[in-house]
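# Reading the structure
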There are 2 protein chains.
Amino acid sequence: MNPDITRERENATFNVEKLTHILDGGIEKTKRRREIESLVISDPDFQSEDLNFLSRSERYDAAVKKSAQMILKLREYGISDPEEIYCYKSVFRGNHQEPLDLHLAMFLPTLLNQASPEQMETFFIPAWNLDIIGTYAQTEMGHGTHLRGLETTATYDPATQEFVLNSPTITSIKWWPGGLGKTSNHAIVLAQLHTQGKCHGLHAFIVPLRSMNTHIPLPGVVVGDIGPKFGFDEVDNGYLKLENVRIPREHMLMKYAKVEADGTYVKPPSAKLTYGTMVFIRSMIVGEAGHALAKSCTIAIRYSSVRHQSEIRPGSPEPQIMDYQTQQYKLFPLLATAYAYKFVGQYMNQVYHRITGDISQGDFSELPELHALSAGLKAFTTWTASEGIEVCRMACGGHGYSRCSALPDIYVNFVATCTYEGENTVMMLQTARFLIKSYQQASAGHQLSGIVSYLNESERRLQPQSVSSRPTVVNVNDLASLVEAYKLRAAKLVEVAAKSIQQELQKRVSQEDAWNNSAIDLVRASNAHCHYVVVKLFAAKLGEIGDTGVHSVLSTLALLYALQGIQQNSGDFLQTGLLSVPQLSQVSQRLKELLAQLRPNAVALVDAFDYCDEMLNSVLGRYDGNVYEHMFEWARRSPLNKTEVRNHWRPASLPHLY
Amino acid sequence: MNPDITRERENATFNVEKLTHILDGGIEKTKRRREIESLVISDPDFQSEDLNFLSRSERYDAAVKKSAQMILKLREYGISDPEEIYCYKSVFRGNHQEPLDLHLAMFLPTLLNQASPEQMETFFIPAWNLDIIGTYAQTEMGHGTHLRGLETTATYDPATQEFVLNSPTITSIKWWPGGLGKTSNHAIVLAQLHTQGKCHGLHAFIVPLRSMNTHIPLPGVVVGDIGPKFGFDEVDNGYLKLENVRIPREHMLMKYAKVEADGTYVKPPSAKLTYGTMVFIRSMIVGEAGHALAKSCTIAIRYSSVRHQSEIRPGSPEPQIMDYQTQQYKLFPLLATAYAYKFVGQYMNQVYHRITGDISQGDFSELPELHALSAGLKAFTTWTASEGIEVCRMACGGHGYSRCSALPDIYVNFVATCTYEGENTVMMLQTARFLIKSYQQASAGHQLSGIVSYLNESERRLQPQSVSSRPTVVNVNDLASLVEAYKLRAAKLVEVAAKSIQQELQKRVSQEDAWNNSAIDLVRASNAHCHYVVVKLFAAKLGEIGDTGVHSVLSTLALLYALQGIQQNSGDFLQTGLLSVPQLSQVSQRLKELLAQLRPNAVALVDAFDYCDEMLNSVLGRYDGNVYEHMFEWARRSPLNKTEVRNHWRPASLPHLY
């Protein structure tokens, strides 16, 4: 054990294990999580060379094998609770992805949700047994977030009782689905349904892609890998071009909408049913943002405690780089953010489970709010977490740039969340739509409830209009007061956006152009709303914590989170008159004090995340702090070092070039 | 040609070619640049498969071969002017790096600068002929920016007239030098010189690493590749452990410092001589920031003109994504930034050449200012450009995540500049040291000249202290007025940092701790200073432009750059009383107008950068806008598609898994 890191742990002022229990949701959950983790870690089938040393094709081949083994083992161990599966997969994956993920996460659940009982019988068990390996093919080369734009067609032919599927243009080729390129033999394909001369919009069809015997693509199916990406090296994201591919009528997912034998179309009872899945996935992503940032902070903070560099006082030994105020200012607010997002993830998960209960009983009333919240928070957390991972990486200096730090892997695999499952700017604008609608309702005299109740007229009248008209009451040392300030900032920025739309409308532009011409303000309003929600939830979490030591350190983190957000967005707070200029100097001063206050607990706070070395797979983030020996050992395994002299080019003109 | 992009070009209001000449520095330079580019592009030896389809070892092997060929061809074509070599290399490299780069960029120049005439004779011609392939080994595993911390030793043994080189600890192993792992047979090694029982600090030694015949490492030399990184896949960044390696006395670089045969040490005449190289490299990096961002903007803006998505008006065709205000707000300020950095790069280059003239005549007077400026601007531009590349990538949606966009390559290879050649935070603090020193001189009554003259007492007294004490005079439509506002902001933030140090000193902490406890403020001050310099230089550039159309569009860009910087840092401008709250709303409104105003010229503005398709190597950034066909063609070449069915694992338990 590196003596520097040992000393850090000795200096902590709180019980790490207790904080871990809070993060897990209880002592029993910590215990079970560790059991599951040790199943993966001790499994000889899952030991492998660092994926960074393999070519992409090798990575894919290794990943398919492990991915299938994982599914078998989950059954062998009887792990079936979704949370436990998630836990198992998290350890198993480390910082990477797996080609069978969409089979588990989209193909099987879509069958469960949308297949008729007969279809379940035909497809579910074979899929469960991995006879059928499926993916979910929605995105097309020319069409992403805007689903109505999808071009793939499924035209019903009553003569043969089949659907004929086609990719009519190059832009209609399915593009991106994970596992589509080489792994899957089936796909759920989203296509525009045509029957009896009419288009009924997007519906889902089960399309066999490859022979169940030979795995060769079926006639009319042009399928392959879309090539290397920023990350996701292990996944065969694929393309799919359909050329008059015929499937039986029974391959349309018919739990809700139906096409009868003669081609008659039967509408689904409600369009809101598919909302739930999106909300669920976006909520999961919020938790992932906390997870990715927590891992990155663990690596950067542990490394900062063992790395010595430069000098603060001339002639003294080189200090730990964590002693530099600039390093603390980079890392500690991110540490606070990681905690915040973990708590927000917990909250989203609870709300989702509560609301799905209501939904299954036909009560959709809370869905719009949750939908709006999950969209905005997905964007808000993934953007800031992505930036934060890179800050952590660069805070490790040159060694952060090495793949041995794991930070490049964490970044490239996480940053995709900014784009998939709803591109972030589009997500922010969805949340803005809900906020503006709520604002207009409040303006019309309706009393709002829930998270947007701050938009109610009565409250808005109490808001400050400018520096001069109202004395500032924010107390920068009081978290509750800061939550209030965030709330008022959000209210103000929603108002600014709404007024921008009104002004545009007065210029006689259309409603749509007025919206687009106010989009910058709308995104800004959504951002402020999400920021408020995060600060509020972090503050609320403190109320649940009984242990004094833990409560104290988390309170410091929450205050740091709130104050740093104010400093970074000081223009908003000054502009809306929520803070005065002298108060802003106070904020700066208080931030420095909080950094110094957190310094002794930094390593303990990342220890509490409880990521084992196998999950981090980072030489810099090792629990024992013995960084350099292992970096040297890791480097020597680099494929370029297999021979002392590479057998490469010797130009005729340069016979002396080795 | 895609009709969307043709229409964009038809709508431009200025002459693209004229702007290209301005960027190149004249019509003749444009012509010569294009000649050099076509040499590379038409060269059959340089045609190769997309590097993204190769394993890292294959990439290295291909790169070494091409790198050596390039050097031969430069001689064949008689290209020897540094600017022309740089141009040739830029095209040759595309978005990648090359293993022989340090040989050309560090090994040969260091010999030129520091070798004695006898050493030149022994080493330079063999190095020029690639008999000797060298690198520059400074950084150690445990020591980066702080040179005094380096541990490698070179101890003089007068008995044999040799130096004995050692890596006494694991942290002293040389780590990171490019080309060190497998390519080089020599290295210039920086080591602590010990002679006659005394240490004389860092000196440079030429150390043979590998046999000139077999390329096998020499006795005592442990050398290899440090493993895969975020980028730089083609480069064998290496490690070097020296175990009692003996080199002749004549292998110490002795143009300045010397060790005589008996071990007597002779001091160098001036320590400032090595400053120049650092300043030069950092100035180059500023230009590279403009270059990387310009490439990224070219890709994202061209793609945004051909990509259609979602709807603004219901029922209308999907609009070009560049019509979304949010997309304009992401990309156009970055486009303005790319222009700004290109102009700053030009300026730095001119200043460097002017000052090196002075230096060679023994006049070092301007060096501290240039050193401070190059440090800060290196950090300022690389941070913002790195973030900007990622914004461009994400603005391309899912396809930006594909390696076919080239944006991942541009990012991973560029972002390293934030860390190498002086870690950015350290650079900012170096600039701050100069600013604080200047501030203190001004406070003591000295009259400052040059870029920091705004810190003079007389000017500072004219600065606003608070909103109330002074009416705001900034005109948000006037660039000169905005430059003034940036200047006053910098002055204010330097003052804030200086006062923080004073306050700390009043608490009786040491000078060094006071500095560290003010580091956040110091970095902020440097940032503001650099921002001011960039805005000022952009404004100054406009004065040189005669063509009305070009002048008009560049003026719009400059205004956008200045106003967006104010919006992003609105807290600073409000806090210092430079802007009022109503003016900030004006800034927001004006920004939206500028975006709309730039919209018709966006494609023409990236065309003016004049990157040929071969240099961009991006399917999304193609000049002809025919994105989708080529994306499909590119994907089909993915190595995973070599066979329809991959020959992978069939577990005994899952015989049905293809």
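As annotated in an unreviewed UniProt entry, chain A is Acyl-coenzyme A oxidase from Oncorhynchus mykiss. Word for word, the UniProt comment on chain A under Pathway (unreviewed entry) is "Lipid metabolism; peroxisomal fatty acid beta-oxidation." Turning to chain A, the UniProt annotation filed under Cofactor (unreviewed entry) states: "FAD".

Check the secondary structure of chain A and you find 23 helices and 11 strands. Since a compact globule built from 658 residues should have a radius of gyration of about 26 Å, the 27 Å found for chain A is in line with a globular shape. When its C-alpha atoms are laid out on the principal axes, chain A stretches across 85 × 80 × 60 Å. The proportion of buried residues among the 658 residues of chain A is 62%. The long-range fraction of contacts in chain A, counting pairs at least 24 apart against all pairs at least 6 apart in sequence, stands at 72%. Carbon together with sulfur atoms contributes 53% to the accessible area of chain A, which is approximately 24,100 Å² in total. Charge-centre separation for chain A: the mean point of 63 positive side chains lies 4 Å from the mean point of 69 negative side chains.

On to the sheet that holds strand S8 (residues 238-242) of chain A, then. Pairing within the open sheet is antiparallel, and its 3 strands lie in the order S4-S8-S7 (chain A). Edge positions in the sheet fall to strand S4 (174-175) and strand S7 (221-225) of chain A, since each has one partner strand and no second. Both S7 of chain A and S8 of chain A contribute to a ladder of 5 bridges, which runs antiparallel. What sits directly across from Val 221 of chain A, in S8 of chain A, is Leu 242 of chain A. Along the sheet, helix H23 (residues 627-636) of chain B makes contact with S4, S7 and S8 of chain A, crossing S8 of chain A at roughly 115°.

Look at any regular strand and the pattern is simple: side chains alternate between the two faces of the sheet. Residues and elements named next belong to chain A. Within strand S2 (residues 153-157), 4 of the 5 residues are buried, leaving the element largely enclosed by the surrounding structure. Bridge count for S2 against strand S3 (residues 162-166) is 5 bridges, and the pairing is antiparallel. Across the sheet, the residue bridging to Asp 157 is Glu 162, located in S3. Adjacent in sequence and paired antiparallel, S2 and S3 are bridged by 4 residues, among which Gln 161 carries a positive phi angle near 55°.

Residues and elements named next belong to chain A. Counting across every chain of the model gives 86 salt bridges over all chains. For Glu 234, the salt bridge is made with Arg 59, and the minimal N-O distance between the two is 2.8 Å. Here the residue Glu 234 occupies a position in the loop between S7 and S8, and Arg 59 occupies one in helix H4 (residues 56-76), the gap between them amounting to 175 residues. For the pair formed by Glu 234 and Arg 59, the shared burial category is buried. Through salt bridges that share partners, Glu 17, Asp 24, Arg 33, Arg 34, Glu 37 and Asp 610 make up one connected network.

Another point: helix H5 (residues 82-93) of chain A. Along an α-helix, a turn takes 3.6 residues, which lines up residues three or four apart on a common side. All names here are of chain A. Over its 12 residues, H5 runs 16 Å from end to end, which matches the ideal 16 Å to within 8%, given 1.5 Å per residue. Of the residues that open H5, the one with a side-chain oxygen 3.1 Å from the backbone nitrogen of Glu 83 is Asp 81. In the segment just after H5, Gly 94 is the residue with positive phi, at about 60°.

Before going further, it helps to spend a moment on the confidence of the model for chain A. Residues and elements named next belong to chain A. For chain A, per-residue confidence averages 92 on the pLDDT scale, and residues scoring 70 or more make up 95% of the total. Low confidence marks residues 466-471, where pLDDT is under 50. Its contacts with residues over four positions away, or in another chain, come to 7 contacts. Prediction confidence for the complex, expressed as pTM and ipTM, is 0.96 and 0.96 respectively.

The next point concerns the side chain of Glu 140 of chain A. Residues and elements named next belong to chain A. With respect to the element layout, Glu 140 can be found in the loop between strand S1 (134-137) and S2. Side-chain polar atoms of Glu 140 contact the side chain of Thr 152, separated by 2.5 Å. Sequence-distant contacts of Glu 140, that is, excluding residues within four places in its chain, are made with Leu 150, Glu 151, Thr 152, Thr 171, Ser 172, Ile 173, Lys 174, Trp 175 and Leu 190.

Okay, the interface of chain B and chain A next. Opposite the 131 residues of chain B that make contact, chain A presents 131 residues. Between chain B and chain A we count 6 salt bridges in total. The interface formed by chain B and chain A holds 50 residue pairs in polar contact (both at pLDDT 80 or more) in total. If one sorts the elements of the side of chain B that touches chain A by residue count, helix H4 (residues 56-76) of chain B sits on top with 9 residues. Here the residues of the side of chain B that touches chain A are counted per class, giving 55 nonpolar, 46 polar and 30 charged.

Each of the two chain copies goes to the other by way of a rotation about an axis and a shift along it. Between chain B and chain A, which share one sequence, the superposing operator has a rotation angle of 180° and an axial displacement of 0.0 Å; the RMSD is 0.0 Å. Such values leave the two copies arranged in the relation of a two-fold axis. Considering only C-alpha atoms, the residue of chain B closest to the rotation axis is Gly 571 of chain B, which sits at 1.8 Å. Comparing contact sets, 100% of the residues at the interface of chain B also lie at the interface in chain A, consistent with an isologous, same-surface contact.

All names here are of chain A. Looking at the element boundaries, Asn 569 is found in the loop between helix H18 (548-568) and helix H19 (570-575). For Asn 569, a relative accessible area of 23% puts it in the partly exposed group. Along the sequence, Asn 569 and Ala 528 sit 41 residues apart, while their C-alpha atoms lie 9.6 Å from each other. In this view, Asn 569 contacts Arg 489 and His 531; residues no more than four positions away in its chain are not counted.

This part covers the packing of helix H9 (residues 325-360) of chain B against helix H10 (residues 367-395) of chain B. All names here are of chain B. In contact at an axis separation of 10 Å, H9 and H10 are set at 155° when each is read in the N-to-C sense. Here H9 lies roughly antiparallel to H10, going by the angle between them. Remark: the crossing between H9 and H10 carries left-handed chirality.

All names here are of chain A. Take Thr 135: it is sitting in strand S1. For Thr 135, a relative accessible area of 0% corresponds to the buried category. A polar side-chain atom of Thr 135 sits 2.8 Å from the main-chain carbonyl oxygen of Gly 178. Excluding its chain neighbours within four sequence positions, the residues that come into contact with Thr 135 are Leu 102, Phe 107, Pro 177, Gly 178, Leu 180, Ser 184, His 186, Ala 187 and Ile 188.

As a further point, take the UniProt feature "domain: Acyl-CoA oxidase/dehydrogenase middle" (unreviewed entry) in chain A. The positions that UniProt labels "domain: Acyl-CoA oxidase/dehydrogenase middle" (unreviewed entry) are, in the present scheme, residues 136-245 of chain A. Helix makes up 0% of residues 136-245 of chain A and strand makes up 42%, while its end C-alpha atoms are separated by 17 Å.

This part takes up the environment of Asp 45 of chain B. Residues and elements named next belong to chain B. Mapped onto the elements of the fold, Asp 45 is located in the loop between helix H3 (27-41) and H4. Residue Asp 45 is classed as partly exposed on the basis of its relative accessible area of 39%. Sequence separation between Asp 45 and Gln 69 is 24 residues; the distance between their C-alpha atoms is 8.2 Å. Aside from chain neighbours lying at most four places away, what touches Asp 45 is Lys 66, Gln 69 and Lys 73.

Residues and elements named next belong to chain A. A full pass over the atoms with the stated rule returns 49 aromatic pairs over all chains. Each ring, one from Trp 175 and one from Tyr 239, has its centre 5.7 Å from the other, and the planes form 20°; the classification is stacked. Of this pair, Trp 175 sits in strand S4 while Tyr 239 sits in strand S8, and the two are 64 residues apart along the sequence. Of the two residues, Trp 175 and Tyr 239, both sit in the buried class.

Conventions used here
Residues numbered from 1 in each chain as written. Chains lettered and ligands numbered in written order. Predicted model: local features only at pLDDT ≥ 70, side-chain atom pairs only at ≥ 80, totals over all residues. Heavy atoms only, no water. UniProt positions renumbered as here; feature names shortened; annotations may be inferred. Helix = DSSP H or I, 4+ residues; strand = E, 2+ residues; numbered from the N terminus. Rg over C-alpha atoms; globule rule 2.2 N^0.38 Å. Buried < 20%, exposed > 50% of the residue type's maximum accessible area, 1.4 Å probe, protein only. Contact = heavy atoms within 4.5 Å. Areas by Shrake-Rupley, 256 points an atom, 1.4 Å probe, with all protein chains shown as cover. Lys, Arg positive; Asp, Glu negative; His and termini not counted. Charge placed at Lys NZ, Arg CZ, Asp CG, Glu CD. Pairing = 2+ DSSP bridges. Axes fitted to C-alpha atoms, helices over the stretch in contact; angles between N-to-C directions. Salt bridge = Lys/Arg side-chain N within 4 Å of Asp/Glu carboxyl O. Expected span 1.5 Å × (residues − 1). Polar contact = N/O pair within 3.5 Å; in protein donor to acceptor, adjacent residues only side chain to side chain. pLDDT = per-residue confidence, 0-100. Nonpolar A, V, L, I, M, F, W, Y, C, P; charged D, E, K, R; others polar. Least-squares fit on C-alpha atoms with pLDDT ≥ 70 in both. Parallel < 35°, antiparallel > 145°, perpendicular 65-115°, else oblique. Left-handed = near helix turned anticlockwise from the far one by under 90°. Phe/Tyr/Trp six-rings, centres within 6.5 Å; stacked < 30°, edge-to-face > 60°.

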